[in-house]
Amino acid sequence: MHVRCPGHLPEEVYRQVLEQLADLSPVVQALPPSAALVELRGVLRYHGADARRLGEVLRIRTVSRLGVDVRVGIGPSITVAATASAQVPAPGGVLAIEPDHVDEWLGPLPVEALHGIGPRQATALRDYGIHSVGLLAAVPPATLQRLLGGTAGRVAAERARGIDPRPVVPRALPVSATVSCAFPRHTLDGAEVRAALLDLVVQLGHLLRRRGQAARGLTLTLRFAGGTRWDKTRRLPAPSAHDDDLRTVAYQVMDAAGLQRGRLTGLVLKGEDLVDADRVAEQISLDGAREARLAAEEVSDRIRDKFGPGVIGPAGTLRRVS
């Protein structure tokens, strides 16, 4: 079973959805920020119901208890279930694909509807005349490997036939760390926004280091006047809690937002998929400037711990006050 929650779901509500899934099966794999996988094969006899019925029960529970409608896809593999959940129209519903009907159901779908096929792959396939999943399944794997690359082509050929040997691996929602700021007035000032983001990076890095954790990813949320928001998650090249590494990725995400005339009311920066810092392998660095910054970071942490968080920081965080 593949479950999709509405976008922009608060983390606490998402955790509650995962708890509802755990009532159905002990094998739940969180796919933050808003999806999850559930293994049902071993629990159907226990519940005395088929998979479709369990999907409907889940939907009733999330709506009645949490006010959240979900889209549920059920199939014999992760690919089929995830593809099915994406075909359920909003706000919610259940779509179950029986093993004997997988080829019949997948065939007419547009190639980009197959779970795991990204926009670039879909473009390459369409340029070659492969517009549907059925055509994708009919193309020799060797041809797909030439079009998409060795591993990607082989995986696409298998998934187009509904073949996906990956198991559902139990995984709880990773611990996260969040810092945020609100602007005293709606701002269009790019320099002010960037200074605020740098300030959040410093806060988040200090929080992570104090907790002995490192982040594998960052999520940046931009809040706009009128109540709208934009968020994006990006993985770090390696788990880190250092300001330099966090700043680089945070700036990349901010640049991806393409801000022009949006009036911002606040920023939220979240460290995702946290791990214990002692599990992160420290690479030997030949970059003297980086080593100097890390040494200064350690001193800054001691100063903050003794005198307070605002007594020291990068000059760029000192925003101009009018």
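Summary of the structure given here.

Rules and cut-offs
- Residues numbered from 1 in each chain as written.
- Predicted model: local features only at pLDDT ≥ 70, side-chain atom pairs only at ≥ 80, totals over all residues.
- Heavy atoms only, no water.
- Helix = DSSP H or I, 4+ residues; strand = E, 2+ residues; numbered from the N terminus.
- Buried < 20%, exposed > 50% of the residue type's maximum accessible area, 1.4 Å probe, protein only.
- Contact = heavy atoms within 4.5 Å.
- Areas by Shrake-Rupley, 256 points an atom, 1.4 Å probe, with all protein chains shown as cover.
- Lys, Arg positive; Asp, Glu negative; His and termini not counted.
- Charge placed at Lys NZ, Arg CZ, Asp CG, Glu CD.
- Core = buried A, V, L, I, M, F, W, Y, C linked by side-chain atoms within 4.5 Å.
- Polar contact = N/O pair within 3.5 Å; in protein donor to acceptor, adjacent residues only side chain to side chain.
- Axes fitted to C-alpha atoms, helices over the stretch in contact; angles between N-to-C directions.
- Parallel < 35°, antiparallel > 145°, perpendicular 65-115°, else oblique.
- Left-handed = near helix turned anticlockwise from the far one by under 90°.
- Nonpolar A, V, L, I, M, F, W, Y, C, P; charged D, E, K, R; others polar.
- Pairing = 2+ DSSP bridges.
- Salt bridge = Lys/Arg side-chain N within 4 Å of Asp/Glu carboxyl O.

### Some details on the overall build of the protein chain
Right, on to step 1. When helices and strands are counted, the protein chain shows twelve helices and ten strands.
Right, on to step 2. For the C-alpha atoms alone, the extent of the protein chain along its principal axes is close to 65 × 50 × 45 Å.
Right, on to step 3. Of all 322 residues assigned to the protein chain, the portion counted as buried reaches 43%.
Right, on to step 4. In the protein chain, of all internal contacts separated by at least 6 residues, the share reaching a separation of at least 24 is 63%.
Right, on to step 5. Split by element, the accessible area of the protein chain, about 17200 Å² in all, is 53% carbon and sulfur.
Right, on to step 6. The distance from the centre of the 41 positive side-chain charges to the centre of the 35 negative ones in the protein chain is 3 Å.

### Quick look at the nonpolar core
Right, on to step 1. Residues Leu197, Leu204, Leu208, Leu218, Leu267 and Leu269 are the most contacted members of the largest nonpolar core, which totals 29 residues.
Right, on to step 2. Counting residues per element, the ones that place at least two in this core are strand S6 (177-187), helix H10 (190-211), strand S7 (213-224), helix H11 (243-257) and strand S9 (264-272).
Right, on to step 3. For this core, the leading source of residues is H10, giving nine residues.
Right, on to step 4. In terms of nonpolar packing, the next biggest core, distinct from the first, is built from 24 residues, Leu21, Leu24, Ala36 and Val72 among them.

### A few points about the side chain of Asp164
Right, on to step 1. Counting through the fold element by element, Asp164 comes out in the loop between helix H9 (150-160) and S6.
Right, on to step 2. With relative accessibility at 10%, the residue Asp164 sits in the buried group.
Right, on to step 3. At a separation of 2.6 Å, a polar atom in the side chain of Asp164 contacts the side chain of Thr79.
Right, on to step 4. At 2.7 Å, the side chain of Asp164 and the side chain of Arg166 are in polar contact.

### Re the environment of Leu264
Right, on to step 1. In this fold, Leu264 is placed in strand S9.
Right, on to step 2. In this structure Leu264 comes out as buried when scored by relative accessible area, which is 1%.
Right, on to step 3. When the C-alpha atoms of Leu264 and Gly190 are compared, they prove to be 9.9 Å apart, with 74 residues separating the residues in sequence.

### Details of the packing of helix H6 (residues 119-127) against helix H8 (residues 141-148)
Right, on to step 1. One can describe the packing of H6 onto H8 by two numbers: an axis separation of 10 Å at closest approach and a directional angle of 120°. Our classification of the angle between H6 and H8 gives oblique. Regarding H6 and H8, the two cross each other, and that crossing is right-handed. Seen from H6, the contacting residues are Gln121, Ala124 and Leu125; seen from H8, they are Leu144, Leu147 and Leu148.
Right, on to step 2. Residue composition of the contact of H6 with H8, by class: five nonpolar, one polar and no charged.

### Some remarks on unusual backbone geometry
Trans is the prevailing form of peptide bonds, just as negative phi is the prevailing case for residues other than glycine.
Right, on to step 1. In the segment running from Ala90 into Pro91, the intervening peptide bond is cis, with an omega of 10°.
Right, on to step 2. One non-glycine residue, Asp273, lies in the positive phi region at around 50°.
Right, on to step 3. On the basis of relative accessibility, which here comes to 10%, the residue Asp273 falls in the buried class.

### Description of the pairing of strand S3 (residues 35-38)
Right, on to step 1. Covered by surrounding structure in S3 are Ala35 and Leu37 together with Ala36 and Val38, the residues of both alternating faces.
Right, on to step 2. Bridge count between strand S1 (residues 2-4) and S3: three bridges; the pairing is antiparallel. Opposite Arg4, over in S3, you have Ala35 as the bridge partner.
Right, on to step 3. Pairing geometry for strand S2 (residues 28-31) and S3, over four bridges, is antiparallel. Paired with Ala30 across the bridge in S3 is Ala36.

### With respect to the pattern of salt bridges
Pairs can form between side chains of opposite charge whenever their charged atoms are close.
Right, on to step 1. The final tally for this structure, using the stated rule, is 14 salt bridges.
Right, on to step 2. Among the ionic pairs, Arg53 bridges to Glu56, the shortest N-O distance being 3.8 Å. Note that Arg53 and Glu56 are positioned in helix H3 (residues 51-66) at a spacing of three residues, about one turn of the helix.
Right, on to step 3. A residue is classified by how much of its surface remains accessible, and Arg53, at 42% relative accessible area, is partly exposed.
Right, on to step 4. Between Arg126 and Glu112 there is a salt bridge whose closest N-O contact spans 3.1 Å. Here Glu112 lies in the loop between helix H5 (102-106) and H6 and Arg126 lies in helix H6, a separation of 14 residues in the sequence.
Right, on to step 5. Owing to a relative accessible area of 32%, Arg126 belongs among the partly exposed residues under this scheme.
Right, on to step 6. Look at Glu112 and you get partly exposed, because its relative accessible area is 40%.
Right, on to step 7. Each of Arg171, Arg216, Arg235 and Asp273 takes part in salt bridges that share partners, so that together they form one network.

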